[in-house]
Amino acid sequence: RCLPAAPGSCPRRGCGEAAALRAMGFGEEQVRRLLRLRPRLCPQRREAAAAQLLLLGLDAEAALDLLERSPALLQLPAERLRERADELRRLGL
């Protein structure tokens with residue numbers, strides 16, 4: 001479940017999420033594309049999916065391409081994403 005926005009947070013929808021994605025290394029256009037994927041999705045899920053793909057060694061564009069081709073990854077719980085990423089690392093990817 002999503003956490004409510006913190007008091008005093010940015011009033012524009014998604015601006016905190018956009019800043020987090022930029023901090024991960026995504027460019028402005030890439031952030032816009034990411035935010036268009038499943039727009040009603042909890043920001044923490046989108047950030048968790050992007051982070052796990054980056055930790056696997058994908059660059060920002062490759063991670064974005066994968067999420068655009070397989071948006072169902074965004075709906076996986078963060079723990080399940082970590083388990084899958086750990087398994088890929090064990091396999092040498």
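- Looking up the protein chain in an unreviewed UniProt entry gives the name MTEF4 factor, with the organism given as Ramphastos sulfuratus.

### Digging into the overall build of the protein chain
Piece 1. Along the backbone of the protein chain there are 5 helices and 0 strands.
Piece 2. In the protein chain, the succession of helices and strands from N to C terminus is α-α-α-α-α.
Piece 3. Here the protein chain, with 93 residues, has 28% of them falling under the buried criterion.
Piece 4. If you take every contact in the protein chain between residues at least 6 apart in sequence, the share linking residues at least 24 apart comes to 67%.
Piece 5. Carbon and sulfur atoms make up 56% of the accessible area of the protein chain, which amounts to about 6,100 Å² in all.

### So, the nonpolar core
Piece 1. Formed by 17 residues in total, the largest nonpolar core has its most connected members in Leu21, Phe26, Leu34, Leu37, Leu67 and Leu74.
Piece 2. At the level of elements, helix H1 (15-23), helix H2 (28-36), helix H3 (43-55) and helix H4 (60-69) are the ones that each hand at least two residues to this core.
Piece 3. If we ignore the near neighbours within four places in the chain, the residues touching Leu74 are Leu37, Arg38, Leu41, Arg45, Arg46, Ala49 and Leu67.

### Concerning the confidence of the model for the protein chain
Piece 1. Per-residue pLDDT for the protein chain has a mean of 84; in total, 85% of the residues score no lower than 70.
Piece 2. By mean pLDDT, helix H5 (residues 78-90) is the weakest element of the protein chain at 88, and H4 is the strongest at 96.

### A word on the pattern of salt bridges
Piece 1. Under the defined criterion, the tally for this structure stands at 11 salt bridges.
Piece 2. A salt bridge links Glu68 to Arg33; the shortest N-O distance between them is 2.8 Å. Here the residue Glu68 occupies a position in helix H4, and Arg33 occupies one in helix H2, the gap between them amounting to 35 residues.
Piece 3. Classification of Arg33 as buried rests on a relative accessible area of 17%.
Piece 4. Where Glu87 meets Arg90, a salt bridge forms, and the shortest distance between an N and an O atom there is 3.0 Å. Linking Glu87 with Arg90, this pair stays in helix H5, spanning 3 residues, or about one helical turn.
Piece 5. The class of Glu87 is partly exposed, set by a relative accessible area of 37%.
Piece 6. Look at Arg90 and you get exposed, because its relative accessible area is 62%.
Piece 7. Connected through salt bridges with shared partners, the residues Arg33, Glu61, Asp65 and Glu68 form a single ionic network.

### A closer look at the packing of H1 against H3
Piece 1. Put simply, H1 and H3 touch, their axes get as near as 10 Å, and they point 10° apart. In terms of orientation, H1 lies roughly parallel with respect to H3. Residues Glu17, Ala20 and Leu21 of H1 form the contact with H3, whose participating residues are Pro43, Arg46, Glu47 and Ala50.
Piece 2. Its residues assigned to classes, the contact of H1 with H3 shows 4 nonpolar, no polar and 3 charged.

Calculation rules
Residues numbered from 1 in each chain as written. Predicted model: local features only at pLDDT ≥ 70, side-chain atom pairs only at ≥ 80, totals over all residues. Heavy atoms only, no water. Helix = DSSP H or I, 4+ residues; strand = E, 2+ residues; numbered from the N terminus. Buried < 20%, exposed > 50% of the residue type's maximum accessible area, 1.4 Å probe, protein only. Contact = heavy atoms within 4.5 Å. Areas by Shrake-Rupley, 256 points an atom, 1.4 Å probe, with all protein chains shown as cover. Core = buried A, V, L, I, M, F, W, Y, C linked by side-chain atoms within 4.5 Å. pLDDT = per-residue confidence, 0-100. Salt bridge = Lys/Arg side-chain N within 4 Å of Asp/Glu carboxyl O. Axes fitted to C-alpha atoms, helices over the stretch in contact; angles between N-to-C directions. Parallel < 35°, antiparallel > 145°, perpendicular 65-115°, else oblique. Nonpolar A, V, L, I, M, F, W, Y, C, P; charged D, E, K, R; others polar.

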